[in-house]
Amino acid sequence: LLEQRVIEFEPGRSHERGEPGRDELLFVVAGHGSLQLGDERHALEPDTAAYVRVGETYTVENDGPDDLKLVAVSAPAELNGKESAAGRRVTVRFSDQPEHRADAKRTFRYLVNQDVGCETVTQFLGVVEPCRAPDHSHGYDEVGYIVEGQGFAHIDGERLPLAPGSCFHLPPLQVHCIENAGPGVMRILGVFHP
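Residues numbered from 1 in each chain as written. Predicted model: local features only at pLDDT ≥ 70, side-chain atom pairs only at ≥ 80, totals over all residues. Heavy atoms only, no water.

Novice: Would you mind going over the sheet that holds strand S18 (residues 176-180) with me for this structure?
Specialist: The pairing of strands in a sheet happens through backbone hydrogen bonds and is either parallel or antiparallel. Sheet architecture is open: four strands sit in the order S13-S18-S15-S16, paired in antiparallel fashion. A single partner strand is all that each edge strand has here, and the edge strands are strand S13 (131-132) and strand S16 (158-162). Of the pairings in the sheet, the one linking strand S15 (residues 151-155) to S16 comprises five bridges and is antiparallel in character. When the sheet's bridge partners are listed, Ala153 is paired in S16 with Leu160. (Pairing = 2+ DSSP bridges. Helix = DSSP H or I, 4+ residues; strand = E, 2+ residues; numbered from the N terminus.)

Here you go:
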């Protein structure tokens, strides 16, 4: 149900974009620019997320000189059919969000969730110190993207290498764990539903 893509925009303005029948959650990996949504322009910079609802179209402007690199995850609109009482925010910066602790070696910050008007799909950025998380599973569908760091995904007895740019999909109830092989932190962008 979730679709994840990495999109690189050259300097200049993109064609109009939008996912028919789907909501989009964007995350800026590198570069600077803006997202034009209706009459509003929203700044795009590294570690910024953007939420585009079904039926909305947008353009991306890359200020250059380098490519603007985004991770885009789309989900069927029926997953997000409800309006949030919290109101709507289009962009969210990682540095502005409160940090939550998963355990002694792992923290995360929500980027897009019900607090910005997205009721059933959640986007977060996790920060993992060198360690191997315990094996676990979730009751939801999840996709991930490694923003920074080196390590391994342990799935079904396999040890799969992870590096910046690695993508993964975890179906509901898939037993897995992520290992940060260090020496620095690993930053993981995740999106899950419901």
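Novice: Help me out: how do you make sense of unusual backbone geometry in this one?
Specialist: Most peptide bonds take the trans configuration, and most residues that are not glycine carry a negative phi. The residue after Gly64, namely Pro65, is reached through a cis peptide bond having omega 5 degrees. As for its placement among the helices and strands, Pro65 is situated in the loop between strand S7 (58-62) and strand S8 (68-76). A cis amide bond, omega 10 degrees, links Gly182 with the succeeding residue Pro183. Residue Asp47 is not a glycine yet carries a positive backbone phi of 70 degrees. Not every positive phi belongs to a glycine, and Asp156 is a case in point at roughly 50 degrees. Within the element layout of this structure, Asp156 appears in the loop between S15 and S16.

Novice: Looking at this structure, I do not really get the packing of aromatic side chains. What am I missing?
Specialist: Given two aromatic rings, their pairing is described by the distance between the two centres and the angle made by the two planes. This model, assessed by the stated rule, comprises four aromatic pairs. Centroid distance Phe124 to Phe192: 6.0 Å. Interplanar angle 55 degrees. Geometry classified as tilted. Within this pair, whereas Phe124 is found in strand S12 (residues 122-128), its partner Phe192 is found in strand S19 (residues 186-193), the two being separated by 68 residues in sequence. The exposure classification of Phe124 matches that of Phe192, with both residues buried. Every member of this aromatic cluster is reached through a ring pair, and the members are Phe108, Tyr110, Phe124, Tyr140 and Phe192. Above the plane of the ring of Phe94 lies Arg109, whose end atom (NZ or CZ) is 4.5 Å from the centre. Of note, Arg187 hangs over the ring of Phe94, and the distance from its end group to the ring centre comes to 5.9 Å. (Phe/Tyr/Trp six-rings, centres within 6.5 Å; stacked < 30°, edge-to-face > 60°. Buried < 20%, exposed > 50% of the residue type's maximum accessible area, 1.4 Å probe, protein only. Lys NZ or Arg CZ within 6 Å of the ring centre and 35° of its normal.)

Novice: Would you mind going over the pattern of salt bridges with me for this structure?
Specialist: In a structure, side chains of opposite charge can pair up when their charged atoms sit close to one another. Scanning the model with the defined rule gives 11 salt bridges in all. Salt-bridge contacts for Arg88 lead to Glu56; the nearest nitrogen and oxygen are separated by 2.9 Å. Pair noted here: Arg88 is in the loop between S8 and strand S9 (91-93) and Glu56 is in the loop between strand S6 (48-52) and S7, with a separation of 32 residues, a long-range link. A residue is classified by how much of its surface remains accessible, and Arg88, at 27% relative accessible area, is partly exposed. For Asp96, the salt bridge is made with Arg93, and the minimal N-O distance between the two is 3.1 Å. Owing to a relative accessible area of 36%, Arg93 belongs among the partly exposed residues under this scheme. Taken together, the shared-partner salt bridges in this structure form one network comprising Arg5, Glu19 and Glu24. (Salt bridge = Lys/Arg side-chain N within 4 Å of Asp/Glu carboxyl O.)

Novice: For this particular structure, what's the right way to read the nonpolar core?
Specialist: If you look at soluble globular proteins, the nonpolar side chains tend to sit buried side by side. With 23 residues, the main nonpolar core has Phe27, Leu111, Val112, Leu125, Leu189 and Val191 as its most contacted residues. The set of elements that each furnish at least two residues to this core consists of strand S3 (22-30), S6, S8, strand S11 (106-112), S12, strand S14 (141-148) and S19. In this structure, Leu111 is in contact with Phe27, Ala49, Val92, Arg93, Phe94, Gln97, Val116, Gln123, Phe124, Leu125 and Leu189, ignoring residues within four places of it in sequence. (Core = buried A, V, L, I, M, F, W, Y, C linked by side-chain atoms within 4.5 Å. Contact = heavy atoms within 4.5 Å.)

Novice: Looking at this structure, how should I read a negative patch on the surface?
Specialist: Taken together, the side chains of Glu8, Glu10, Asp66 and Asp67 make up a negatively charged region of the molecular surface. Within the secondary structure, Glu8 sits in strand S1 (residues 3-9). Given the relative accessible area of 47%, Glu8 is considered partly exposed. (Patch = residues over 30% accessible without salt bridge, like charges linked within 9 Å, V, L, I, M, F, W, Y side chains within 5 Å. Areas by Shrake-Rupley, 256 points an atom, 1.4 Å probe, with all protein chains shown as cover. Lys, Arg positive; Asp, Glu negative; His and termini not counted. Charge placed at Lys NZ, Arg CZ, Asp CG, Glu CD.)

Novice: In this structure, what is going on with the sheet that holds S11? I would like to understand it.
Specialist: With antiparallel pairing, six strands are arranged side by side in an open sheet as S10-S11-S12-S19-S14-S17. Lying at the two open borders of the sheet, with one neighbouring strand each, are strand S10 (100-103) and strand S17 (167-170). Within this sheet the neighbouring strands show an average axis-to-axis angle of 25 degrees, counted without direction. Here S14 runs beside S17; their pairing, made up of four bridges, is antiparallel. Bridge pairing links Gly144 to Phe168 in S17. (Axes fitted to C-alpha atoms, helices over the stretch in contact; angles between N-to-C directions.)

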